[in-house]
Amino acid sequence: MMKAVYYYFERDLVKWLRGRVTVISSLVMPAAWLVFVGLALPTKFTDNYLEYITPGILVMTMLFSSLQGGSLMIFDKILGFLNKFLAMPSPRESMLYGKILFISVRGLMQATVILIIATLLGIRILNPVQLMLIYFTLFLFSVFFSALSTMIGMYLSDHDSYAAVNSMISMPLFFTSSALMPYDVMPAWLRFLARLNPVSYAIDSTRTLFEGGIPVHGLISLVIGAGVMVLLGTYQFRKAFV
């Protein structure tokens, strides 16, 4: 199983790395968000908005990267690769797990660029343990939405439909989270939505790690959420392609 998962992961990784424009743009855009929003947007609730928004930009990057993952499933369906992979002797679920792993690793590569730039701009991470926990938090969050995006990709047949669904999910989730402002300055209706938003769980956990704490409840919630979504994705994958 693990060998098959690695094969599918390597396949998607090599295909992505060959598209130089895609790689460069996927690394530059999150960095642009960090610089232009973090340094240029004036706020009254903090003296260092860059420090406040960095966790939000990290999670936003993972969110957008993860939700783009469903297009990989549609790509394989349209070009006929999916049927060929399903006919191979390896467990069928290994294809799903390989895609989830690739999507998550790709997001972490983008997050690394943001962390490097944030460090150059003066953002301080206290110790290696917290850095590892930041990566772990982002990975769990990405697994959650990567599994969701691949499930959506199973049932859609073209990229235009998926792009519409992607926009419908990603933008409301980001802008109704705690990424751009703390709960206490939000309107009551937005505060209510933000506290229910799974994106806020990842942002709050990452922000706590930047501040030197350990977000036990946030990490537990992300572990449970990622595990449930992978199980649900596995069930839907078996149901769709048996």
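Note that the structure is predicted; figures quoted are calculated from it, not measured.

Colleague: Before we move on, can you summarise the overall build of the protein with the specific residues and values?
Modeller: Within the protein, the regular secondary structure consists of eleven helices and zero strands. In terms of overall size, the protein behaves like a compact globule, its C-alpha atoms giving a radius of gyration of 18 Å where 242 residues would be expected to give roughly 18 Å. Considered along the principal axes of its C-alpha atoms, the protein spans approximately 60 × 35 × 35 Å. Here the protein, with 242 residues, has 48% of them falling under the buried criterion. Residue pairs at least 24 apart in sequence account for 78% of intrachain contacts in the protein once pairs closer than 6 positions are excluded. Surface summary for the protein: the accessible area is close to 12,000 Å², and the carbon and sulfur share equals 70%. Between the mean site of the 17 positive side-chain charges and the mean site of the 11 negative ones, the protein shows a separation of 8 Å.

Colleague: Could you give an account of helix 3 (residues 49-67), naming the residues involved and the relevant values?
Modeller: A turn of α-helix holds 3.6 residues, and therefore any two residues three or four places apart point the same way. For helix 3, spanning 19 residues, the distance from its first C-alpha to its last is 27 Å, which sits close to the expected 27 Å at 1.5 Å a residue. The largest bend in helix 3 amounts to roughly 25 degrees and is located at Pro-55. Of all 19 residues in helix 3, 17 are buried; the element is thus mostly enclosed.

Colleague: With reference to specific residues and values, describe the packing of helix 4 (residues 70-79) against helix 7 (residues 128-155).
Modeller: Two packed helices can be described by the angle between their axes and the distance between those axes. For the pair helix 4 and helix 7, interaxial distance at closest approach is 7 Å and the crossing angle is 30 degrees. Accordingly, the angle class assigned to the pair helix 4 and helix 7 is roughly parallel. Along this stretch, helix 4 crosses helix 7, giving a crossing that reads as right-handed. Mapping the contact onto sequence places Gly-70, Met-73, Ile-74 and Lys-77 in helix 4 and Ser-149, Thr-150, Gly-153, Met-154 and Tyr-155 in helix 7. Residues belonging to the contact of helix 4 with helix 7 are distributed by class as follows: four nonpolar, four polar and one charged.

Colleague: How would you sum up the UniProt feature "transmembrane region" (unreviewed entry) in the protein? Please name residues and give values.
Modeller: UniProt marks residues 21-41, 53-75, 96-126, 132-156, 163-183 and 214-235 with the feature "transmembrane region" (unreviewed entry), using the numbering shown here. When the span residues 53-75 is considered, its composition is 91% helix and 0% strand, and the gap between its end C-alpha atoms is 34 Å. Between the C-alpha atoms that bound residues 96-126 there is a distance of 36 Å. The span itself is 81% helix and 0% strand.

Colleague: So what about the nonpolar core? Which residues, and what values?
Modeller: By size, the foremost hydrophobic cluster in this structure holds 50 residues, and its most contacted members are Leu-63, Leu-138, Phe-141 and Val-199. Residue assignment for this core shows that the elements contributing at least two residues are helix 2 (20-40), helix 3, helix 5 (81-86), helix 6 (93-120), helix 7, helix 8 (159-175), helix 10 (198-210) and helix 11 (216-241). The element that contributes the greatest number of residues to this core is helix 3, accounting for eleven residues. Contacts of Leu-63, omitting those with residues within four sequence positions, involve Phe-141, Phe-145, Ser-170, Leu-173, Phe-174 and Val-199. Listed in part, the seven residues of the second largest apolar core include Trp-16, Leu-72, Phe-102 and Ile-103.

Colleague: I'd love a proper account of the packing of aromatic side chains, names of residues and values included.
Modeller: Scanning the model with the defined rule gives seven aromatic pairs in all. Taken together, a centroid distance of 4.9 Å and an interplanar angle of 70 degrees make the contact between Phe-144 and Phe-145 edge-to-face. A residue is classified by how much of its surface remains accessible, and Phe-145, at 2% relative accessible area, is buried. Clustering of aromatic rings is evident, with ring pairs tying together Phe-64, Phe-174 and Phe-175. Between the NZ or CZ atom of Arg-195 and the centre of the ring of Tyr-183, over which it lies, the distance is 4.1 Å. The ring of Tyr-52 carries the charged tip of Arg-207 above its face, separated from the ring centre by 3.8 Å.

Colleague: Describe the side chain of Ser-200, naming the residues involved and giving the relevant values.
Modeller: As for its position among the elements, Ser-200 is in helix 10. The exposure class assigned to Ser-200 is buried, which follows from its relative accessible area of 1%. Those residues within four positions of Ser-200 in sequence are excluded, and the remaining contacts are Thr-176, Ser-177, Ser-178, Tyr-183 and Ala-194.

Colleague: Hey, could you go over the environment of Arg-238 for me, with residue numbers and the actual values?
Modeller: Counting through the fold element by element, Arg-238 comes out in helix 11. By relative accessible area, Arg-238 is classed as partly exposed at 46%. The spatial distance from the C-alpha of Arg-238 to the C-alpha of Asn-127 is 42 Å, given a sequence separation of 111 residues. In terms of polar contacts, Arg-238 uses its side chain to reach the side chain of Glu-93, at 2.4 Å.

Colleague: Kindly report on a nonpolar patch on the surface, identifying the contributing residues and their values.
Modeller: A contiguous nonpolar surface patch, about 460 Å² in accessible area, is contributed by Ile-214, Val-216, Ile-220, Ile-224 and Val-228. Among the secondary structure elements, Ile-214 is positioned in the loop between helix 10 and helix 11. Using a relative accessible area of 49% as the deciding quantity, one classes Ile-214 as partly exposed.

What counts, and where the lines are drawn
Residues numbered from 1 in each chain as written. Predicted model: local features only at pLDDT ≥ 70, side-chain atom pairs only at ≥ 80, totals over all residues. Heavy atoms only, no water. Helix = DSSP H or I, 4+ residues; strand = E, 2+ residues; numbered from the N terminus. Rg over C-alpha atoms; globule rule 2.2 N^0.38 Å. Buried < 20%, exposed > 50% of the residue type's maximum accessible area, 1.4 Å probe, protein only. Contact = heavy atoms within 4.5 Å. Areas by Shrake-Rupley, 256 points an atom, 1.4 Å probe, with all protein chains shown as cover. Lys, Arg positive; Asp, Glu negative; His and termini not counted. Charge placed at Lys NZ, Arg CZ, Asp CG, Glu CD. Expected span 1.5 Å × (residues − 1). Bend = angle between axes of the 7 residues up to and from the residue. Axes fitted to C-alpha atoms, helices over the stretch in contact; angles between N-to-C directions. Parallel < 35°, antiparallel > 145°, perpendicular 65-115°, else oblique. Left-handed = near helix turned anticlockwise from the far one by under 90°. Nonpolar A, V, L, I, M, F, W, Y, C, P; charged D, E, K, R; others polar. UniProt positions renumbered as here; feature names shortened; annotations may be inferred. Core = buried A, V, L, I, M, F, W, Y, C linked by side-chain atoms within 4.5 Å. Phe/Tyr/Trp six-rings, centres within 6.5 Å; stacked < 30°, edge-to-face > 60°. Lys NZ or Arg CZ within 6 Å of the ring centre and 35° of its normal. Polar contact = N/O pair within 3.5 Å; in protein donor to acceptor, adjacent residues only side chain to side chain. Patch = residues over 30% accessible without salt bridge, like charges linked within 9 Å, V, L, I, M, F, W, Y side chains within 5 Å. Salt bridge = Lys/Arg side-chain N within 4 Å of Asp/Glu carboxyl O.

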